[in-house]
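Breakdown of the fold
Listed below, chain by chain, are the residues.
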Amino acid sequence: METSRIRIGLLGCGHVGAALVSLVAERRGEVERRTGLDLEVTRIAVRNTALDRDVPVDSAAFTTDAAALVVDPEVDVVVEVMGGIEPARGLVSAALAAGKPVVTANKELLANHGAELYGAAEAAGVDLLFEAAVAGAIPIMRPLRESLSGEPIKRVMGIVNGTTNFILSRMADDGASYADALAEAQSLGYAERDPTADVEGFDAGAKAAIIATVAFGARVVAGDVYHEGISGITVADIEFAADLRHCIKLLAVVERTTASDGGSQIGVRVHPTLVPLDHPLASVRGSFNAVFVEGGAAGDLMFYGRGAGGRPTASAMLGDLIDAACNLRQGHAASIGVLERARIAPIDDVTSAFYLNVEVDDRPGVLAQVATVFGEHGVSIRSMEQEGLGGEARLVFITHAARERDLRSTLPDLRSLDAVRSVGSVLRVIGD
Ligand code: NDP
Ligand code: HSE
């Protein structure tokens with residue numbers, strides 16, 4: 001096989017970029033033997049060229065001129081790992097317009113401007129590949145896009161943020177505090193530059209939008225996703241959940257549902273969720289991710305692996321790079337297909353079981369008052385645990401499946417009862 005030299009221009013050399021430079025160098029000989037592609041990182045754009053990055057590349061490769069890099073005739077493929085929307089959006093567009101395939105790990109960019117960028121790639125006849133943008137090392141974009149392209153997918157449910165899964169696992173398994181676990185996740189290179197994106201569910205929301213787009217062939221953007229983060233989860237919630245034989249996970253859920261007029265709609269949401277301990281997602285710990293696909297013909301499929309960290313993410317990017325380089329050599333490109341306009345299901349219509357913990361005065365008749373309020377809103381209680389706290393009691397409820405709208409309207413009425421001191425966390429529960 002004749003060897004094709006592929007010169008890679010990298011935008012960013014942080015946790016992921018630096019790991020990718022090393023991985024490309026390590027795997028260069030073997031990739032060439034198997035594919036005939038001689039991959040080499042030849043240009044790297046960063047903000048600070050003075051920083052010592054400990055990567056196997058000549059210091060002359062570094063530049064601060066990212067705009068020149070993406071149109072440089074000596075660059076064949078562009079890899080974007082700088083993150084954020086601008087200047088990444090302009091740079092990726094310019095690279096595609098210059099006929100260069102792009103590989104990116106930037107979920108924020110794709111969840112906000114994906115349709116425009118997929119269109120630009122299509123128009124230029126080159127690849128825009130993004131396996132690393134969702135669930136790190138796990139191959140999930142390519143299976144959804146290719147292997148499952150004919151599958152009537154009903155629902156995809158996943159743990160798609162490594163930072164929050166790491167924090168929840170450290171709190172549950174090792175008794176770590178939220179703040180310490182977050183600092184540890186940051187030091188291990190899992191968190192976003194601004195970790196609010198992780199802990200408030202924006203990062204998982206962006207990934208949910210991308211999953212919905214690819215799984216359902218529909219334009220779903222970050223703004224369509226209902227999201228709640230984990231910053232309000234307490235050690236007490238984790239302990240109550242454990243007593244009920246559940247754990248708490250930040251789940252992304254995308255599903256096709258039927259609207260009241262019979263039309264098809266797409267639900268996209270991210271929230272902390274009680275997962276039964278015997279569910280496959282319950283055993284996903286630390287920075288690992290898992291994506292659970294419910295197909296109409298295939299049945300259930302589960303994809304599992306490291307969801308964050310430089311080297312696992314670089315692994316997914318190297319696969320994309322080889323694909324993009326092969327396609328470039330052969331003069332074709334992968335297509336995301338036609339994207340229809342998505343009709344998004346309002347969160348109020350979503351049905352789930354709920355966990356609630358309510359602190360009340362410990363006196364006769366209070367439980368009956370609380371149960372009456374649930375009943376008045378059509379919310380049925382599946383189980384209740386009571387714990388005495390001196391003059392108070394904590395009531396922990398799990399409801400049967402109820403509409404969000406009904407559950408939300410229950411809360412102010414519960415709070416207005418004289419005997420109710422506080423309504424703590426309200427979390428969804430899977431498995432009902
Ligand atoms: P880092 O913050 O570690 O690295 C970002 C890099 O981009 C730095 O080298 C920085 O330069 C460079 N950069 C940022 N802005 C500019 C700019 N305007 N011009 C030139 N260079 C710039 O981020 P990560 O490596 O962690 O993440 C990169 C991308 O990968 C993000 O989109 C992230 O969401 C995604 N991702 C990250 C994963 C992870 O586990 N970390 C996993 C999956 C995806 P300098 O070093 O000089 O500051
Ligand atoms: N901050 C992200 C996470 C990186 O923790 O999952 C991987 O996308």
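To keep things clear, this report deals only with the structure shown in the data block. Treat the numbers as computed from the prediction; the structure is a model and nothing was measured. (Residues numbered from 1 in each chain as written. Chains lettered and ligands numbered in written order. Predicted model: local features only at pLDDT ≥ 70, side-chain atom pairs only at ≥ 80, totals over all residues. Heavy atoms only, no water.)

The helix and strand inventory of the chain stands at 13 helices and 19 strands. Over its C-alpha trace the chain gives a radius of gyration of 24 Å, about what one expects of a compact globule, namely 22 Å for 432 residues. A total of 432 residues make up the chain; the buried ones form 55% of that total. Of the contacts formed within the chain by residues at least 6 apart in sequence, a portion of 74% connects residues at least 24 apart. Roughly 17,700 Å² of accessible area belongs to the chain as shown, and the carbon and sulfur atoms make up 49% of that amount. (Helix = DSSP H or I, 4+ residues; strand = E, 2+ residues; numbered from the N terminus. Rg over C-alpha atoms; globule rule 2.2 N^0.38 Å. Buried < 20%, exposed > 50% of the residue type's maximum accessible area, 1.4 Å probe, protein only. Contact = heavy atoms within 4.5 Å. Areas by Shrake-Rupley, 256 points an atom, 1.4 Å probe, with all protein chains shown as cover.)

Taken together, 13 residues surround ligand 2, and among them Lys107, Gly162, Thr163, Tyr190 and Glu192 come closest. Taking Thr163, its side chain carries an N or O atom lying 2.6 Å from an oxygen atom of ligand 2. Glu192 has a polar side-chain atom sitting 2.7 Å from a nitrogen atom of ligand 2. Protein burial of ligand 2: of its 250 Å² of free accessible surface, 93% is covered by the chains. Listing elements by their share of the shell around ligand 2, those giving two or more residues are helix 6 (162–174) and helix 9 (202–216). Class assignment of the residues belonging to the shell around ligand 2 gives a composition of four nonpolar, four polar and five charged. (Near = heavy atom within 4 Å. Polar contact = N/O pair within 3.5 Å; in protein donor to acceptor, adjacent residues only side chain to side chain. Nonpolar A, V, L, I, M, F, W, Y, C, P; charged D, E, K, R; others polar.)

Glancing now at the pairing of strand 15 (residues 351–361). Extensive coverage of strand 15 is indicated by the burial of 10 of its 11 residues. Pairing of strand 15 with strand 18 (residues 402–403) involves two bridges; the strand directions are antiparallel. Bridge pairing in strand 18 links Ser352 to Ala402. Sheet topology places strand 15 next to strand 19 (residues 420–429); seven bridges connect them, and they run antiparallel. (Pairing = 2+ DSSP bridges.)

Let us look at the pattern of salt bridges. Counted under the stated rule, the structure contains 35 salt bridges. Across the pair Glu30 and Arg34 runs a salt bridge, and its minimum N-O distance is 3.8 Å. In this pair, Glu30 and Arg34 both sit in helix 1 (residues 15–35), four residues apart, roughly one turn of the helix. Put simply, Arg394 and Glu387 hold a salt bridge, and the shortest N to O gap is 3.1 Å. Classification of Glu387 as partly exposed rests on a relative accessible area of 36%. Salt bridges sharing partners connect three or more residues here, namely Glu228, Asp348, Glu404, Arg408 and Arg428. (Salt bridge = Lys/Arg side-chain N within 4 Å of Asp/Glu carboxyl O.)

The immediate surroundings of ligand 1 are formed by 24 residues, with Cys13, Asn48, Arg53, Glu192 and Gly309 found nearest. Within the contact set of ligand 1, an oxygen atom lies 2.8 Å away from a backbone nitrogen or oxygen of Asn48. Here the shell around ligand 1 is composed, by residue class, of 10 nonpolar, nine polar and five charged. Split by domain, the residues of the shell around ligand 1 number at least three in each of domain 1 (4–138 + 310–337) and domain 2 (141–306). (Domains from an automatic or database assignment.)

The next subject is the nonpolar core. Core analysis: the biggest nonpolar cluster contains 79 residues, and Phe130, Ile140, Met141, Leu144, Ile210, Val293 and Tyr355 have the highest contact counts within it. Here this core takes 10 residues from helix 9, the largest share from any one element. Dropping the residues within four chain positions of it, Ile210 is found in contact with Lys107, Leu110, Ala111, Phe130, Ala133, Val134 and Met141. By size, the runner-up hydrophobic cluster in this structure holds 37 residues, among which are Ile8, Leu23, Ala314 and Ile322. (Core = buried A, V, L, I, M, F, W, Y, C linked by side-chain atoms within 4.5 Å.)

Here strand 16 (residues 381–389) pairs with strand 17 (residues 392–399) via eight bridges, running antiparallel. For Gln386, the partnering residue across the bridge sits in strand 17 and is Leu395.

Note on placement: Thr163 falls in helix 6. With a relative accessible area of 0%, Thr163 lands in the buried category. The spatial distance from the C-alpha of Thr163 to the C-alpha of Arg408 is 29 Å, given a sequence separation of 245 residues. Not counting the four nearest positions on each side in its chain, Thr163 is found in contact with Leu182, Ala185, Tyr190, Ala191 and Asp198. One polar contact links the side chain of Thr163 to the main-chain amide nitrogen of Ala191, over a distance of 3.4 Å.

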